[in-house]
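Structural overview
The lines below spell out each chain.
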Amino acid sequence: MSAAAGGSEAVRGATAVAPIPEAVRGEAAVEDLLAAVRGGRMPQIPALVAALDQAQRRDCLLALKALRKELRDEWSKEALATRGALLLAGAGCHAGPAGAATWLGARDFTSLGWARHPAVGQLVAAQPVEWQIEVATRLAARPAPSWGWALYPVIEAVVRRTGCAVPQSEPFVREWMERQRRGSGARPTLVELLRADAFTAVLLPRVFELADIGGAVSLRFSPRPGDAFTEAIAELAAAGDLDRADLIDRCLARLLRGGKPADQRFFLDVLRALAPTPQEYAARVRDVLPLLDGLSVVAGHAQEVLAGLDEAGLIEPEVLVESSAVVLFRAEKKLVRAQLGWLERAARREPGRSGPVVLAAAEAFGHPDQAVQERALNVVARHLRAAGEAVLPELRLAAEVLNPAHHRRAGELFGAPVGGDGDDDPDTGWNELLPPAPQPLPLGPPIASAAELAQELSALLAADEPEPTVFERVLDGLVRQAHQDRAALAEALEPVRRVHPWSGVDRWRDCSPRDVLYVVAAVAGETPPHRFWDFLGGKGRSPLRGQNNTAQGTALAARLEEAAWQVTANRPPYLLATPTDTTGAIDPGTLVERLAGYQTAGITPGRADLCAALLRVGLRADAGVLRAAEALTSPSGRWAAQWLRTGGLPDQPSERVLFAPGRGSKHGHQYADRWWEDVRRVAVAQPGIGAGPKGPDGERLAPEFRALLDGTEPSVARARKVGDWTWRPTAHWAAMLPWHREELAARWLDHFAAGADRDERGAGRLLPALAEAGGPAGLALHLALAYGLGARHTEDRTAAVDALLVLAARGELDGAQLGRELGALVDCGAVKPNRLAAALTLAAGTGAYGTVWSVLGPALPALLGGEGTPARGLGDLLALAADCARRTGARGPVAEVTAAAEQGGSSRLVKEARALRDVLAG
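Treat the numbers as computed from the prediction; the structure is a model and nothing was measured.

1. Here's the deal with the packing of helix α2 (residues 28–38) against helix α4 (residues 54–71)
Direction vectors running N to C along α2 and α4 enclose 25°, while the axes themselves pass 11 Å from each other. As judged from the angle between their axes, α2 and α4 are roughly parallel. Judged by the sense of rotation from one axis to the other, the crossing of α2 with α4 is right-handed. Between α2 and α4, the residues in contact are V30, L33, L34 and V37 and Q56, C60, A63, L64 and L67, respectively. Its residues assigned to classes, the contact of α2 with α4 shows 8 nonpolar, 1 polar and no charged.

2. Brief notes about the packing of aromatic side chains
If you walk through the whole model with that rule in mind, you get 9 aromatic pairs. The interplanar angle of 35° and the centroid separation of 4.8 Å between the aromatic rings of Y152 and F172 together place this pair among those described as tilted. Linking Y152 in helix α10 (residues 152–162) with F172 in helix α11 (residues 170–180), this pair joins segments that are 20 residues apart in sequence. Considered together, Y152 and F172 belong to a single accessibility category, that of buried residues.

3. Topic: the environment of Q817
Here Q817 is to be found in helix α44 (residues 815–828). Placed 38 residues apart in sequence, Q817 and L779 show a C-alpha to C-alpha distance of 7.6 Å. Contacts of Q817, omitting those with residues within four sequence positions, involve G778, L779 and H782.

4. Structural notes on the layout of surface pockets
A volume near 1,500 Å³ is recorded for the largest pocket. What lines the largest pocket is a set of 48 residues, among which A331, E332, K333, H367 and D369 lie closest to the centre. Residue assignment for the lining of the largest pocket shows that the elements contributing at least two residues are α20 (296–311), α22 (333–349), α24 (370–387), α43 (794–809), α45 (833–845) and α47 (874–888). In this structure, the second largest pocket encloses a volume near 740 Å³. Around the second largest pocket, the lining is made up of 23 residues, and of these P404, A405, H406, R886 and A915 lie nearest the centre. When residues of the lining of the second largest pocket are traced back to their parent elements, those giving at least two are α24, α26 (407–414), α47 and α49 (908–920). For the lining of the second largest pocket, the element with the most residues is α49, which contributes 6 residues. Across the lining of the second largest pocket, the residue classes break down as 7 nonpolar, 6 polar and 10 charged.

Analysis parameters
Residues numbered from 1 in each chain as written. Predicted model: local features only at pLDDT ≥ 70, side-chain atom pairs only at ≥ 80, totals over all residues. Heavy atoms only, no water. Axes fitted to C-alpha atoms, helices over the stretch in contact; angles between N-to-C directions. Helix = DSSP H or I, 4+ residues; strand = E, 2+ residues; numbered from the N terminus. Parallel < 35°, antiparallel > 145°, perpendicular 65-115°, else oblique. Left-handed = near helix turned anticlockwise from the far one by under 90°. Contact = heavy atoms within 4.5 Å. Nonpolar A, V, L, I, M, F, W, Y, C, P; charged D, E, K, R; others polar. Phe/Tyr/Trp six-rings, centres within 6.5 Å; stacked < 30°, edge-to-face > 60°. Buried < 20%, exposed > 50% of the residue type's maximum accessible area, 1.4 Å probe, protein only. 1 Å grid on protein atoms, 1.4 Å probe; cavity = no way out; pocket = protein on both sides within 12 Å on 5 of 7 lines; lining within 4 Å. Points joined across faces, edges and corners; volume = space filled by probe spheres on them.

If you want it as structure tokens, here you go:
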């Protein structure tokens, strides 16, 4: 039977059992209405409802409610048509407006858009006016669903027909705004539409209170004047149709409130279109001042307005000082330079203000950019004589935060030495400030009860990306509690299963920690046990292994499938692969104790569980642990003992590979089509572990776990895969191989690279986890870190800086290697110097000047040795290098720096190269 036919039968069956009271059974009008509902004949419903008296409507409502209940799970064509007619008939049969509004606004009706049908408006219009107004008011107060608001036409018709108060709820205002954008063919301009609409005076001011409105109102509908919201609002205000002063106040209030950049830019455009006069701005100066702390473009406008008011003498002189205290601490150099220019103009125009001006300019002495510090020092120098000696004590104190490059000049200006801590003297040495090396936290005790497990499971399922530790504790808890009392566990998990039922893995999605629900379903007996046996015997297809599974997803699927079988079959007391700390690692002594417990109980470990445990176990076992391991006699125990004795898997060497446009690598691969044909990247290749080492009885890692360390090298397929949203490394992946960070970095390198040369977001967030993991820190890890330091997004660069400092604190950072790779990436265009400068400036700002110099020093030859026009941001890198070299006492010429310093001209690059050359020369 087809779905449509099945739905039709369901509809007929539902109406057959729906009870019709005896009092109305023989009345033709009632039967006609119910027949029209069954047939989905919406246009007939209003007239049929009007033919019923109140008692008949009340009785019909019982049958309609029963039919609605039966149709909730039916989605055939006939069922959908019946649902639309049901919406209409039910609303008309409700005598009270509250019940009618609840019926009309129900999710199962509005989600299908039936409320837009003309018959709905016809039925509502036939009701008493008071009923219509109450229904419209209640509907307008309902929240709008994410799929669209179908109730607007009904409400709008009532308001325009009855003349009642215009609703001002957010959904109504948004839908009204949206409808101003609709229409095709010849249409009036937006200002003409708004002027003719009686709702405009009430609803347009409400737009200023809405969030996330910028995208909907920023478009221009045609080149005609007045056909954009900004122009229309300004024209209506100028014509007196809207209160202009009120709109100015609303604009400023909306900008003060903040919000998304699109919103801020739109309301700033409206404010500019309203064009407040200097007098109007002066009356609102206390509303303009806080805008200096807002979005950059908003702060720039506020700064321009305040500077104009100051020059016109319309505001108090103290406003300049107040604004400088805000702007001079901002990172945007354009705003800071403009503020210093405003200060200088004020001192030139009125020399009597020189004292407050130089003190305000001194606020910029702490700016991270040396050029800004120099500009501020110049402003102070030019107006110091007019300011008088009274300001010198405060200036000397402020100068202590200047870069050491400016200490000598500041001392000469202020008449006392500046920076007496000796950081200019190379003989004093340098004390590097690094954060303490992070130590992994213990996982904590196992989950002790079924009730606690249900809470932990709920938290896991509620998280967007569950923590690996939470998942591991939940999986281990399921096995432990099933071993103790499976029936009690199933009962405790039932409330969670009702909210989060197991529905199978989507074939387009990778297996993830949320699929622990598969094990939960097995505990409840929901999944047939033969599926687990089929999997273990190699038959059938696992529901956890979709066609888009990654190697990590397949390994996780193997563990979950095995755990699902274990909770229904041999029910071991615990899992072997549960980590002992937050990196995913297992303490060797703990693993030996777990295997000894299995051996004593006569339990054979699951193969996937044992393989996962071996890949996680720490390889620095002391002599006592090794003796205890050698004493194990079970096959799994002997394998674990050999694994610990021999050091597990061998480390894989990383081979450097350079990809260039139109050329393949030395391995014969080539970027060929679309965006990747222009990509130039430095990458690595690793050979892979092959079949892996044998255990004493010939055991090998299961194929699912060997695949985690398959050979890897750059390829076209991998380059394209980076943009695929189904492939995103997670913290859970890192926790699978806590002692193989070099191998992980090699396999995820395309992902890290995409954060730099493809502007992908989130690429760097796993770098701190790799830095804190175990294993060698080789070429792949340093190359991943290099891409992270050049990432497009600030949060990714910040994560890379964290990783840099962790490696330095642990003594595992090879600054020279990182510097050489950064130079190569800048040279091939994969990393932009301005992004790299921002990241390394952040690192230096923590006190790690020596670490940053250890990276920048080896990078200088490649940064300055390239051909063609220097990349934007190289001047910032050289300024940072000079600062680090000066603070740490680095000495020794660099040929490329000397060559750049000897070039003609006065560009920023040449000036900074000369400064760095002089520092390195002592």
